[in-house]
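A look at the structure
Here are the chains, one letter per residue:
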Amino acid sequence: MTDEVVDLLVIGGGPAGLSAVRAYREEGGKGRVVVVSADPDAPYDRPPLSKDFLRGDSAEADLGLLESGELSRLEVTWARDRVTGVDVGARRADTRDGAGFTYRSCIFATGSNPADLPVPGGDDSSVLRLRTLEDSRRLKRAANGARTAAVIGSGFIGCEAAASLRRLGLDVVLITDESSPQAQRLGDEAGARITGWLRDAGIRLMVDAGVTAIEPAGPGVRVVLEGQDDVTADLVLTAVGVRPASDLAAAAGLDLHEGRIVVDSHMRTSAPGVLAAGDVAYAFNTAAGRALAVEHWFDAETMGKVAGKTAAGSPDAQWSDPPGFWSQIGDHWLKYAAWGDGYQEALFEDGGDGAFTVWYQDENGTCVGVLTHQADANYEKAFGLLS
Ligand SMILES: Cc1cc2nc3c(=O)[nH]c(=O)nc-3n(C[C@H](O)[C@H](O)[C@H](O)COP(=O)(O)OP(=O)(O)OC[C@H]3O[C@@H](n4cnc5c(N)ncnc54)[C@H](O)[C@@H]3O)c2cc1C
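Throughout this document, residue positions are counted from 1 along each chain, in the order its sequence is written. Totals for whole chains, interfaces and linings use every residue, but because this is a predicted model, local features are given only for residues with pLDDT of at least 70 and side-chain atom pairs only at 80 or more, for both listing and counting. Heavy atoms from the whole structure form the basis of all side-chain values; hydrogens and water molecules are not counted.

For the rest of this paragraph, the subject is helix α4 (residues 156-167). In this text, helices come from DSSP runs of H or I with a minimum length of four residues, and strands from runs of E with a minimum of two, each type numbered from the N-terminal end. What a helix is expected to span follows from its residue count: subtract one and scale by 1.5 Å. Taking 1.5 Å of rise per residue, the twelve residues of α4 would be expected to cover 16 Å, and the 16 Å separating its terminal C-alpha atoms lies within 8% of that figure. We call a residue buried when its accessible area falls under 20% of the maximum for its residue type, exposed when it is over 50%, and partly exposed in between, using a 1.4 Å probe and counting protein chains only. The buried count for α4 comes to nine of twelve residues, which makes it a mostly enclosed element. Looking at α4, one finds that the buried residues are Phe156, Gly158, Cys159, Glu160, Ala161, Ala162, Ala163, Ser164 and Leu165. Of the residues trailing α4, Gly169 is marked for its positive phi of about 100 degrees.

Now the structure itself:
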């Protein structure tokens, strides 16, 4: 079959891929543009999958990311297919369904996948994970027939999902190897606040808990713990981090750093005409003065925008924003921005009525991050300090 000749081929239809095609057109990028997306659903907002969508406060119709008629207005073809190989020398790509593309520019926006818990049974199909809309539908269906849930992992997705499952009326246990949720990343005071929110919601916390196995237990699933009582639940969700989806890039011979595609501040990879953006990228941030690994929605969008503009020929588009995200645990919003390589001191500021700010400083007293709850002025201020 003859290859289709395209000006821009985008692999992946998450926020990075979608913002790349929007920015490409805004920047005056011409010609044929194709997005190949392995997700069978039309592009959707991922953050609600552990929050309002999971707990039933929003519907699938609220998740769509495309405006009506947007693809035809942008003259972008959306192919529900999977790219299986890229030859960066020949500037060609092949797909699972037998399509072939010859491209001028190609953007890898393949995102990441949930990591499996590395214990016996951790990759069993009965253990639920949360990344896609279909994962969230499956989790909702499982919750519908369940009385109890065990959530393993106290990162944001674990905390958010535990709060949402509790809201659906399940007895929820959150199992973590941390001393309190997020304490390693955000400090003890923030960990204590999150603990309070989860406990107030009626979630049981098991901290400093090492999972050694996950096994079937009649109709439920048993989580085997080291030195603590096992937990048996009707459903088990693991939320123990992500793995960048970089197999395709590795096979194509792109330079990788710890599984992420190395790109400069314009999102250019080691291969001519090939860019990368989003969770899969290890991108140079000009304000940080070094490359950063981030897994946040806004940053994926921003990197995608830079990649799209660069592909359209802009020499100026570069990534410089401080990375960060917003999270919602039950009714509690958190806003976080940080360079991501730790801190010397976490200064806790109680804003009254439950509001708080944590200022993260390095050894010179320079602000390297901020976490706020109901303290937007501090968030804005810190964002300015970081920029
Ligand atoms: C439940 C949940 C809640 C979250 N909440 C927040 C939040 O509150 N705030 C926040 O900042 N971040 C949040 N995130 C993280 C955020 O969603 C990600 O950082 C963001 O989606 C990354 O965007 P991306 O475009 O790089 O990748 P993705 O969104 O992962 O999209 C990548 C796409 O590429 C496709 N793909 C992969 N390989 C191929 C291939 N070979 N061919 C074709 N297509 C391919 C995949 O199917 C996928 O659709 C959350 C994530 C999850 C799962």
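As a further point, take the site of the ligand. The ligand sits among 33 residues. The nearest are Lys51, Arg131, Asp279, Trp297 and Trp326. Between Val36 and the ligand, the recorded distance is 3.5 Å, taken from a backbone N or O atom to a nitrogen atom. Think of a polar contact as two N or O atoms within 3.5 Å of one another; within protein, one of them needs to be a possible hydrogen donor and the other a possible acceptor, and neighboring residues in sequence only count if both atoms come from side chains. At 3.0 Å from an oxygen atom of the ligand is found a side-chain nitrogen or oxygen belonging to Arg46. Surface accessibility follows the Shrake-Rupley procedure with a 1.4 Å probe radius. Residue values consider only the protein chains on display as shielding. In the complex, 92% of the free accessible area of the ligand, which totals 990 Å², lies under the protein chains. When grouped by side-chain class, the residues that make up the shell around the ligand number 15 nonpolar, ten polar and eight charged. Counting residues domain by domain, the shell around the ligand receives three or more from each of domain 1 (4-113 + 243-311) and domain 2 (116-240). Here a residue is considered near a molecule or strand provided that any single heavy atom belonging to it is located within 4 Å of it. Think of it as three bins: nonpolar holds Ala, Val, Leu, Ile, Met, Phe, Trp, Tyr, Cys and Pro, charged holds Asp, Glu, Lys and Arg, and polar takes everything else, Gly as well. Marked domain ranges trace back to an automatic or database domain assignment.

The next thing to look at is the pairing of strand β12 (residues 220-226). Here β12 lies mainly inside the structure; five of its seven residues are buried. Bridging between strand β11 (residues 210-217) and β12 involves seven bridges; their strand directions are antiparallel. By the bridge assignment for β12, Pro216 is matched with Val221. Here β11 folds back onto β12 in antiparallel fashion, the turn holding two residues, of which Gly218 has a positive phi close to 60 degrees. Criterion used throughout: strands pair if DSSP finds at least two bridges between them. Inspection of the sheet shows β12 paired to strand β13 (residues 231-233) by three bridges, in the antiparallel sense. Across the sheet, Val223 pairs through a bridge with Val231, a residue of β13. The loop that links β12 with its antiparallel partner β13 comprises four residues; one of these, Gly227, has a positive phi angle of about 75 degrees.

Another point: the packing of aromatic side chains. Two rings belonging to Phe, Tyr or Trp (six-membered ring only in the last case) form a pair when the distance between their centres is within 6.5 Å. Interplanar angles under 30 degrees mark stacking, angles over 60 mark edge-to-face geometry, and anything in between is tilted. Here the structure, examined in full by the defined rule, presents nine aromatic pairs. Measuring from ring centre to ring centre gives 6.3 Å for Tyr336 and Tyr360, while their planes differ by 80 degrees; the resulting arrangement is edge-to-face. Of this pair, Tyr336 sits in strand β22 (residues 332-338) while Tyr360 sits in strand β24 (residues 355-361), and the two are 24 residues apart along the sequence. For the pair shown, Tyr336 and Tyr360 are each scored as buried. Seen from their ring centres, Tyr343 and Tyr360 are 4.7 Å apart, and the 45 degrees between their planes marks the pair as tilted. In this pair, Tyr343 is assigned in the loop between β22 and β23 (345-352) and Tyr360 in strand β24, connecting sequence segments 17 residues apart. Judged by its relative accessible area of 29%, Tyr343 is partly exposed.

Right, let's get into the pairing of strand β17 (residues 260-263). Pairing analysis gives two bridges linking strand β16 (residues 256-257) to β17, with the strands arranged antiparallel. Directly across from Leu256, in β17, lies its bridge partner Ile261. Connecting β16 to the antiparallel partner β17 that follows it, the hairpin turn spans two residues, and Glu258 within it adopts a positive phi of roughly 45 degrees. Bridging between β17 and strand β19 (residues 281-285) involves three bridges; their strand directions are parallel. Among the inter-strand pairings, Ile261 is bridged to a residue of β19, identified as Ala281.

A separate point is the domain arrangement of the chain. As assigned here, the chain comprises domain 1 (4-113 + 243-311), domain 2 (116-240) and domain 3 (342-386). The C-alpha centroid of domain 2 is placed 30 Å from the C-alpha centroid of domain 1. Counting residues at the interface gives 18 residues for domain 1 and 16 residues for domain 2. As used here, buried area is the combined drop in accessible area, with a 1.4 Å probe, of two parts when they are placed together. Roughly 1,500 Å² is buried in total at the junction of domain 1 and domain 2, and carbon and sulfur atoms are behind 53% of that figure. Salt bridge criterion: a side-chain nitrogen from Lys or Arg within 4 Å of a carboxyl oxygen from Asp or Glu. On inspection of domain 1 and its partner domain 2, the count reaches four salt bridges. The salt bridge partner of Arg137 is Glu60, with a shortest N-O separation of 2.6 Å. Contacts were defined at the residue level, with two residues in contact if any of their heavy atoms lie within 4.5 Å.

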